[in-house]
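Survey of secondary and tertiary structure
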Amino acid sequence: MEKGTRHRNNTEKNHPGGSESQEADSGGGGVALKKEIGLVSGCAIIVGNIIGSGIFVSPKGVLENAGSVGLALIIWIVTGLITVVGALCYAELGVTIPKSGGDYSYVKDIFGGLAGFLRLWIAVLVIYPTNQAVIALTFSNYVLQPLFPTCFPPESGLRLLAALCLLLLTWINCSSVRWATRVQDVFTAGKLLALGLIIIMGVVQICKGQYFWLEPKNAFDNFQEPNIGLIALAFLQGSFAYGGWNFLNYVTEELVDPHKNLPRAIFISIPLVTFVYVFANVAYVTAMSPQELLASNAVAVTFGEKLLGVMAWIMPISVALSTFGGVNGSLFTSSRAVGPVNCLGPGCMWRREMNMGPWLCAWLFFAGAREGHLPSVLAMIHVKRCTPIPALLFTCISTLLMLVTGDIYTLINYVGFINYLFYGVTVAGQIVLRWKKPDINRPIKVNLLFPIIYLLFWAFLLVFSLWSEPVVCGIGLAIMVTGVPVYFLGIYWQHKPRCFNKFIELLTLVSQKICVVVYPKGAEDLKMEDRNQDMEQQQPICQPPASKDKDAVGP
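The numbering scheme is per chain: residues are counted from 1 as the chain's sequence reads. The model is predicted, so local features are restricted to residues of pLDDT at least 70 and side-chain atom pairs to those at 80 or more, both for listing and for counting; the totals for chains, interfaces and linings are taken over all residues. Think of the side-chain values as coming from all heavy atoms in the structure, minus any hydrogens and water.

The chain has the name Solute carrier family 7 member 8 in an unreviewed UniProt entry, where Bos taurus is given as its organism. UniProt positions are given in the numbering used here, feature names are shortened, and annotations may be inferred rather than shown by experiment. In its Subcellular location (unreviewed entry) section, UniProt records this for the chain: "Membrane".

Turning to the overall build of the chain, a few remarks are in order. Helical segments are the DSSP runs of H or I of at least four residues, strand segments are the runs of E of at least two, and each set is numbered from the N terminus. Each helix and strand counted, the chain has 25 helices and 4 strands in total. Exposure is judged per residue with a 1.4 Å probe applied to protein chains only, and the accessible area is read against the type maximum: over 50% gives exposed, under 20% gives buried, and values in between give partly exposed. Taking all 555 residues of the chain together, 60% fall into the buried category. A contact between two residues is defined here by any heavy atoms of the two lying within 4.5 Å. A separation of at least 24 residues holds for 80% of the contacts in the chain among residues at least 6 apart in sequence. Only the protein chains shown count as cover for residues, and all accessible areas are computed by the Shrake-Rupley method using a 1.4 Å probe. Roughly 22,300 Å² of accessible area belongs to the chain as shown, and the carbon and sulfur atoms make up 67% of that amount.

Looking now at the pattern of salt bridges. Take a side-chain nitrogen of Lys or Arg and a carboxyl oxygen of Asp or Glu: if they are within 4 Å of each other, that pair is a salt bridge. All told, the structure shown has 5 salt bridges when counted by the stated rule. Here Arg159 and Glu155 are joined by a salt bridge, their closest N and O atoms 3.2 Å apart. With Arg159 and Glu155 both in helix H7 (residues 155-175), this residue pair falls 4 residues apart, about one helical turn. Given the relative accessible area of 21%, Arg159 is considered partly exposed. Residues Lys306 and Glu292 are paired through a salt bridge, measuring 2.6 Å at the closest nitrogen-oxygen approach. Here the residue Lys306 occupies a position in helix H13 (residues 299-307), and Glu292 occupies one in helix H12 (residues 290-294), the gap between them amounting to 14 residues. Classification of Lys306 by relative accessible area gives partly exposed; the value is 42%. By relative accessible area, Glu292 is classed as partly exposed at 30%.

Take unusual backbone geometry next. Phi at Val516 is positive, roughly 55°, even though this residue is not glycine. Locating Val516 in the fold gives a position in the loop between helix H24 (498-515) and strand E4 (517-518). What makes Val516 partly exposed here is its relative accessible area of 37%.

Once that is clear, we can look at a nonpolar patch on the surface. Taken together, the side chains of Val310, Met311, Trp313, Ile317 and Leu321 present a nonpolar region at the surface, about 510 Å² in accessible area. The topology assignment puts Met311 in the loop between H13 and helix H14 (314-335). Patches draw on residues past 30% relative accessible area with no salt bridge. Two like charges within 9 Å are joined, as are two nonpolar side chains (Val, Leu, Ile, Met, Phe, Trp, Tyr) within 5 Å.

Right, let's talk about H24 for a bit. Take the residue count of a helix, subtract one, and multiply by 1.5 Å to get its expected span. Taking 1.5 Å of rise per residue, the 18 residues of H24 would be expected to cover 26 Å, and the 26 Å separating its terminal C-alpha atoms lies within 8% of that figure. Within the span of H24, buried status applies to Ile504, Glu505, Thr508, Gln512 and Cys515. Taken end-on, H24 shows its buried residues confined to a sector of 110°, consistent with a single buried face. Away from its buried face by more than 90 degrees, H24 exposes Cys499, Leu506, Lys513 and Ile514. Residues of H24 that are buried in the fold lie against strand E3 (381-382), helix H19 (389-402) and E4. Val516 lies just past H24 and shows a positive phi near 55°. Working definition: the arc comes from the directions between the helix axis and the C-beta atoms, pointing outward to the latter.

Helix axes are fitted only over the stretch in contact, all axes being lines through C-alpha atoms; the angle between N-to-C directions runs from 0 to 180 degrees. Where helix H4 (residues 69-96) meets helix H5 (residues 103-111), the closest approach of the two axes is 10 Å, and the angle between their N-to-C directions is 70°. Taken together, the axes of H4 and H5 lie roughly perpendicular to each other. The way H4 lies across H5 gives a crossing that is left-handed. Residue-level contacts link Tyr90, Leu93 and Gly94 of H4 to Asp103, Tyr106 and Ile110 of H5. Put simply, Ala, Val, Leu, Ile, Met, Phe, Trp, Tyr, Cys and Pro go in the nonpolar bin, Asp, Glu, Lys and Arg in the charged bin, and everything else, Gly too, in the polar bin. Taken together, the residues of the contact of H4 with H5 break down into 4 nonpolar, 1 polar and 1 charged. In these notes the angle categories are as follows: under 35 degrees is roughly parallel, over 145 is roughly antiparallel, 65 to 115 is roughly perpendicular, and the rest is oblique. Crossings are sorted by hand: turned counterclockwise from the far helix by less than a right angle, the near helix makes the crossing left-handed, and turned clockwise it makes it right-handed.

Pairing of aromatic side chains here covers Phe, Tyr and the six-membered ring of Trp, requires ring centres within 6.5 Å, and sorts the geometry by plane angle: under 30 degrees stacked, over 60 edge-to-face, intermediate tilted. For the structure on display, the rule yields 23 aromatic pairs. Ring geometry for Phe56 and Tyr142: centres 6.4 Å apart, planes at 70°, overall edge-to-face. Residue Phe56 is found in helix H3 (residues 54-66), and its partner Tyr142 is found in helix H6 (residues 113-144); the two are separated by 86 residues along the sequence. There is no split in this pair, since Phe56 and Tyr142 are both buried. Measuring from ring centre to ring centre gives 6.4 Å for Tyr90 and Tyr106, while their planes differ by 75°; the resulting arrangement is edge-to-face. Here Tyr90 is found in helix H4, whereas its partner Tyr106 is found in helix H5, with 16 residues between them in sequence.

Next up on the list: the nonpolar core. Here, the term nonpolar core denotes a set of buried Ala, Val, Leu, Ile, Met, Phe, Trp, Tyr and Cys residues that are joined through side-chain atoms within 4.5 Å. Phe56, Ile198, Ile266, Tyr277, Tyr284, Phe303 and Tyr420 are the most contacted members of the largest nonpolar core, which totals 116 residues. Those residues within four positions of Ile198 in sequence are excluded, and the remaining contacts are Phe56, Ala280, Ala283, Tyr284, Ala300, Phe303 and Met315.

Structurally, Leu461 can be placed in helix H21 (residues 449-468). In this structure, the C-alpha to C-alpha distance between Leu461 and Phe235, residues 226 residues apart in sequence, is 7.6 Å. Excluding residues within four positions of it along the chain, Leu461 makes contact with Ala232, Phe235, Leu236 and Tyr420.

Shown next, in the form of structure tokens:
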């Protein structure tokens, strides 16, 4: 399938800035990533990727399902603690299996090609499109809500504006890497301004004695009967705001002293994010009653109207800027291949700290194409612009489809359930790896109690979420299961008819000519290197020896 494709011969020649993050290997001609990410940069990566649109949309969903202010705040704190546990488990896996692709590579190496493919399948069809749809709908909510002060904006208007936002940003990302990164840099200030205003105004309110809903007797006054299934959904809503916690282990090769700085960065940054989230929610309830918060689809707008008076316009503009940048970052994140990352040029280090998406999920499309789990055209980049146009178009179309499938909180439950499903599978793989390969080199080794705690919480969340929202969660499971026949027909079946292979080659060439894209040279070198390594590992760690799956990797 790949011999009919064209490859970029000299990416570095055309984009010399891309070599700044590399240095010659002492072994003669090879390249290796410099260890230039310190503790502060590692913390910036985690904080910059977690804090986004979630804190402006999830508070309503958490409070609605928790049933009281006090329980909602506890859920925000517990979600932060569980996030720390999960991040530590991923840190161990990241340095034990140092391969591109993140949890896709971990699941594939430990459980085999089918499990890895299902992780990739659900990521490209559900997780990335749904995340982008939620952020785009949050953007349209905050833009339109001030225009409809006495009612909710029309659903058709919300979806239309969200679609226009997606189309505009897809065009920007297709046109220029530089434009896309500049959009990201500028709009990052929006979320910092909005959150800073919210927390400062909350502190002012508390100093004025406006903390009625924070007093214990009022905080735990339930406005609905407690329900274990709804509490599980509240955790799903909160977990959406913490998305991005697993990003730093994608760059362990670039961390200075990773076995020390990776856990330190986790222990510093995630509690910091938890502090910000809890105090933002505290600020909300100093200005609004639970009923007022639940009646608003744009809680930060209502908060601004309550406290900022004639300056209330600052809040919707700040959040709209933040979420607009969030859509851009999500598109940039979910579509990147290794080529565009190297083409960022001078200053890319700062961009990676503020928004690691371009550097991290860059590897997912490439890793999937490298293993034959995705069409190779999705990992290709434009010959001059170094933008992954096929992946961007695929991501945009799948996100537009998500915009018509449900409301924003249903989408959050949907993506939260699927995300946690594979988080748990990945952490379970850590225990399997401890059992099957106890003597493997582990620069970071956490106490086995951490994955056990995470899996207990994972089981609680999945079981009661499925019980509470069987249709939403069931649809996610059904989409995942559809990947099984695709895997066996498209990947496991090796001896396909020659006419089918010729058709795929022709389709790839036509796509290349339409989009003017090629496979990046650096990615091809890594592809061959990883394939040579995989030749030495024929079976996944816990797959029966009789399996014929060529993609399974293990001892």
